[in-house]
Amino acid sequence: MSTHSSLLEVKNLNVHFQTPEGELQAVRDLSFSLRQGETLGVVGESGSGKSQTMLAMMGLLANNARAEGQVLFKGDNILNLPTAQLNQVRGPQLAMIFQDPMTSLNPFLTVERQMTEVLQTHQNASRGQARAAALQMLEKLRIADPLRCLNSYPHQFSGGMRQRIMIAMALLSQPDVLIADEPTTALDVTVQAQIVALLRQLQQEHGTSIIMVTHDLGLVAGLSDQVMVMYGGRVMEHAQADDIFYNTRHPYTRALLESVPRLEHADDALLAIPGMPPSLRNMPVGCPFAPRCARADNDCQRPAPLSLVTDGKPGHWVACHHTGATA
Amino acid sequence: MTPTAPTPPSQQPLLQVRDLRVRYTVNDSPGFWPKTRQLEAVKGISFDLYAGETLGIVGESGCGKSSLAKALMGLIPSQSSLLKWFDQDLTHTPIGRWGAVRRDVQMVFQDPLSSLDPRLNVLKIIAEPLRTHEPGLSADQRKAAVIETLIKVGLEESMLYRYPHELSGGQCQRIGIARAIILRPKVILCDEPVSALDVSIQAQIIQLLRQLQREMNLTLVFISHDLAVVKHISHRVMVMYLGTMMELGHKDTLFKQPAHPYTQALLDAAPKADPRKERHKSFSLLSGDIPSPLDPPAGCVFHTRCTRADAQCALQAPSFKDSESSSYACWHPLLNT
């Protein structure tokens, strides 16, 4: 599914963890490509490997982890690059908004010190220039009283404010690719809508490519061009956003769409998925979703390869033995 | 499985609240010397709660919904002109002397892991309310009651001697629910019970709460910032903003025909799993942040973000109008649109 002009291309990414109980695999054979100005939504529950994929791309995996495969950014493989070289890429060109706004900011440093670090390090901006840029970005994110905000410490803010500061920080260097790992999980719907609008506006102004990692399919609906659904470290379905929502092929994608309470649904339409997401320690040998899937049979005891939907639109990939009809 | 609304007007409410206020004393000084101020987190809320119903409370963070729940539980002091649980007038009773009410009103908390004591195993966590309220029970009787409750919330007996850190978020929340129902309470206050859970687990917990409500004839107060979740479980819904009640009504009317512009704004902001509609959504409706509760706007608290606000809204707060199906506090309700 590679395209000629892709900005970021991930090929056969695998992430393993060395643990006392043996080796665990968090991400299996993951590939995707992202063009300039495009948005990829990555959807999955906790433990699906979506965050580890992003951390692997940023070279931020834990010490006991090992990533294999290729992450091509502007044609260069940045996977397992030495830190000094990687630092030329991550931050100024490849920025990330982390999931937890409570713990991702340094409690000992003022917001100004943390925000301007990227400009002072990578663009040799003076303190005054960096401060002005930070101020402007905070205003753009509609933070009340940005001057006071710069001189404050993280603990003085609510979760929503901290998350907006994180976003402002990532946007300061105007990155080519912005990885947003659950950027709005801790926020209210109104703030969430504002942040989605902001990301969209940013994309139109600067042509930024966005990878939006979330567990909420509704959040990626309006923002994404393509959507990748992950489960148990594997890609379950990967297609253009419209095909994911209107031409769903994988039973897990279908279940996700049905188990999330929606305003537009009738009240009895809520269908829970039985059981729990599998843990990495006892991952099913076959399709990871098989133990919770209503359509599972003997075929599902072996993993389903990710393959093109035969009668679907181009670029619609699904990993399921039962893709004959719409799920 | 649509919940039917059991609120005949003749019925005596389980809970009557009139003009409930919660105040915190906060230090508002940036310097060395403290300067205390009063922060009014809940400003005069009045409502009734009827047996067997689910009352949903929605609002953005900082709107006072958790303070309201804590005040109703008697976990924090509050002032009101009337606070009556099950015919017991507690308006002037200090929270230390609520006694038997505590037994009949239980709470389920937001963060499933941190609301369980990490040093107690599942048996001890769930048995704790029994130790307090039924000290006469023998250890065996307590254990039998715990096992019965565990099964009721969909867990197995093998869990008894596990510790919270060994359990998943969904399992922890089920234990939080088991701890709340073991005394067979009449009312459970759920403060964001599903917002910390995975999406596929969320639906399981919502269905569990609904099922327990049917089996045990529970009355639920369900607090959430997620309108869709509230819509799926509630009979009536209260919308709060900056400590004030904006709208209170039956679910059907409130979601189909909201009267208050704030309710409409919340509905518009909720993401929908429909890319064709979402792409063309305009976000013009609600801008800015929720104002600081230390310095709330004069007049209608929502007027600084409201699209329909005019001079009157800034001057005078609208009183709460009670109509047949829905009640709201707004000068310019959206009734004919």
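Residues numbered from 1 in each chain as written. Chains lettered and ligands numbered in written order. Predicted model: local features only at pLDDT ≥ 70, side-chain atom pairs only at ≥ 80, totals over all residues.

### Focus: the overall build of chain B
Link 1 in the chain: Broken down by element type, chain B carries eleven helices and twelve strands.
Link 2 in the chain: Here chain B has a C-alpha radius of gyration of 21 Å; the compact-globule value for 337 residues is 20 Å, and the two agree.
Link 3 in the chain: Overall, the C-alpha framework of chain B stretches about 65 × 55 × 50 Å when taken along its three principal axes.
Link 4 in the chain: Counting all 337 residues of chain B, 46% fall into the buried class.
Link 5 in the chain: Long-range contacts, defined here as pairs at least 24 residues apart, represent 67% of the contacts in chain B between residues at least 6 apart. (Helix = DSSP H or I, 4+ residues; strand = E, 2+ residues; numbered from the N terminus. Rg over C-alpha atoms; globule rule 2.2 N^0.38 Å. Buried ≥ 20, exposed ≤ 12 C-beta atoms within 10 Å, placed from the backbone. Contact = placed C-beta atoms within 7 Å.)

### Some details on the overall build of chain A
Link 1 in the chain: Helix and strand content of chain A: ten helices and twelve strands.
Link 2 in the chain: In terms of overall size, chain A behaves like a compact globule, its C-alpha atoms giving a radius of gyration of 20 Å where 327 residues would be expected to give roughly 20 Å.
Link 3 in the chain: Along the first, second and third principal axes, the C-alpha atoms of chain A reach 65 × 50 × 40 Å.
Link 4 in the chain: For chain A, the residues scored as buried account for 48% of the 327 residues in total.

### Re the interface of chain A and chain B
Link 1 in the chain: The interface of chain A with chain B comprises 40 residues on the first partner and 39 residues on the second.
Link 2 in the chain: Elements with a minimum of two residues in the side of chain A that touches chain B: helix H7 (189-206), helix H8 (217-221), helix H9 (241-246) and helix H10 (251-259) of chain A.
Link 3 in the chain: Of the residues forming the side of chain A that touches chain B, the biggest block, six residues, is contributed by H7(A).
Link 4 in the chain: In the side of chain A that touches chain B, the residues fall into 21 nonpolar, ten polar and nine charged. (Nonpolar A, V, L, I, M, F, W, Y, C, P; charged D, E, K, R; others polar.)

### Quick look at the environment of B:Thr219
Link 1 in the chain: By the element assignment, B:Thr219 lies in strand S8 (residues 219-224).
Link 2 in the chain: Between the C-alpha atom of B:Thr219 and that of B:Trp85, which follows or precedes it by 134 residues, the distance is 13 Å.

### Points about the sheet that holds strand S4 (residues 65-73) of chain A
Residues and elements named next belong to chain A.
Link 1 in the chain: The antiparallel open sheet is built from four strands, whose spatial order is S2-S1-S4-S5. Each end of this open sheet is capped by a strand with a single partner; those strands are strand S2 (22-35) and strand S5 (76-77).
Link 2 in the chain: Note that S4 and S5 share two bridges and pair antiparallel. Counterpart to Leu 72 in the pairing with S5 is Asn 77. (Pairing = 2+ DSSP bridges.)

### Section: the sheet that holds strand S2 (residues 36-49) of chain B
All names here are of chain B.
Link 1 in the chain: Spatial ordering of the open sheet is given by S2-S1-S4-S5, a layout of four strands whose pairing is antiparallel. Edge positions in the sheet fall to S2 and strand S5 (88-89), since each has one partner strand and no second.
Link 2 in the chain: Where strand S1 (residues 15-27) and strand S4 (residues 82-85) come together, four bridges link them in antiparallel fashion. Bridge assignment links Val 17 to a residue of S4, and that residue is Leu 83.

### Some words on helix H5 (residues 169-181) of chain B
Residue and element names in this part refer to chain B.
Link 1 in the chain: Here H5 spans 19 Å end to end across 13 residues, near enough to the 18 Å set by a 1.5 Å rise per residue.
Link 2 in the chain: The element H5 is largely enclosed, with a buried count of twelve among its 13 residues.
Link 3 in the chain: Looking only at H5, the buried set comprises Gly 170, Gln 171, Cys 172, Gln 173, Arg 174, Ile 175, Gly 176, Ile 177, Ala 178, Arg 179, Ala 180 and Ile 181.
Link 4 in the chain: Considering only its buried residues, H5 is in contact with strand S6 (105-108), helix H3 (122-133), helix H4 (139-152), strand S7 (187-191) and helix H6 (199-216). (Expected span 1.5 Å × (residues − 1).)

### A look at the packing of H7(A) against helix H9 (residues 261-269) of chain B
Link 1 in the chain: Remark: H7(A) packs on H9(B), axes separated minimally by 8 Å, with the N-to-C direction vectors making an angle of 50°. Between H7(A) and H9(B), the angle falls in the class oblique. Between H7(A) and H9(B) lies a crossing of left-handed hand. The residues of H9(B) that touch H7(A), namely those facing A:Val189, A:Thr190, A:Gln192 and A:Ala193, are B:Ala265, B:Leu266 and B:Ala269.
Link 2 in the chain: Here the contact of H7(A) with H9(B) is built from residues that sort into five nonpolar, two polar and no charged. (Axes fitted to C-alpha atoms, helices over the stretch in contact; angles between N-to-C directions. Parallel < 35°, antiparallel > 145°, perpendicular 65-115°, else oblique. Left-handed = near helix turned anticlockwise from the far one by under 90°.)

### A look at the confidence of the model for chain B
Link 1 in the chain: Per-residue confidence for chain B gives a mean pLDDT of 86; residues scoring 70 or more make up 93%.
Link 2 in the chain: Across residues 1-9 of chain B, confidence stays below pLDDT 50; counting only partners more than four residues off in sequence or on other chains, it has 13 contacts. (pLDDT = per-residue confidence, 0-100.)

### A closer look at the nonpolar core
Link 1 in the chain: Within the largest apolar cluster, 186 residues are counted, with the highest numbers of intra-cluster contacts made by A:Ile211, B:Leu189 and B:Val221.
Link 2 in the chain: Considering every element that reaches this core, the biggest residue donor is helix H6 (residues 159-171) of chain A, with eight residues.
Link 3 in the chain: Ignoring any residue separated from it by four or fewer positions in sequence, one finds A:Ile211 in contact with A:Leu34, A:Leu40, A:Val42, A:Met54, A:Val177, A:Ile179 and A:Ala180. (Core = buried A, V, L, I, M, F, W, Y, C linked by C-beta atoms within 7 Å.)

### Some thoughts on the pairing of strand S9 (residues 236-241) of chain B
All names here are of chain B.
Link 1 in the chain: Counting buried positions over the six residues of S9 gives six, a clear majority of the element.
Link 2 in the chain: Burial along S9 is two-sided: the residues Arg 236, Met 238 and Met 240 and Val 237, Val 239 and Tyr 241 are all buried.
Link 3 in the chain: Looking at chain direction, strand S3 (residues 54-58) and S9 are connected through four bridges and run parallel. When the sheet's bridge partners are listed, Val 58 is paired in S9 with Val 239.
Link 4 in the chain: Across six bridges, S9 lies against strand S10 (residues 244-250) in antiparallel orientation. Bridge pairing links Met 238 to Leu 248 in S10.

### Concerning the packing of H3(B) against H4(B)
Residues and elements named next belong to chain B.
Link 1 in the chain: Interaxial distance between H3 and H4 falls to 9 Å at its minimum, and their mutual angle equals 110°. As summarised for this structure, H3 and H4 are arranged roughly perpendicular, according to the angle between their axes. Where H3 crosses over H4, the handedness of that crossing is right-handed. Listed contacts from H4 to Leu 123, Ile 126, Ala 127 and Leu 130 of H3 are Arg 142, Lys 143, Ala 145, Val 146 and Thr 149.
Link 2 in the chain: Broken down by class, the residue content of the contact of H3 with H4 amounts to six nonpolar, one polar and two charged.

### Here's the deal with unusual backbone geometry
Residue and element names in this part refer to chain B.
Link 1 in the chain: Positioned with a positive phi, Phe 86 is a non-glycine residue whose angle comes to about 45°.
Link 2 in the chain: Mapped onto the secondary structure, Phe 86 falls in the loop between S4 and S5.
Link 3 in the chain: Note on Phe 86: 16 C-beta atoms within 10 Å, which makes it partly exposed.
Link 4 in the chain: A positive phi angle, near 65°, is found at Asp 87, a position not held by glycine.
Link 5 in the chain: Along the polypeptide, Asp 87 turns up in the loop between S4 and S5.
Link 6 in the chain: We classify Asp 87 as exposed; it has 9 C-beta atoms within 10 Å.

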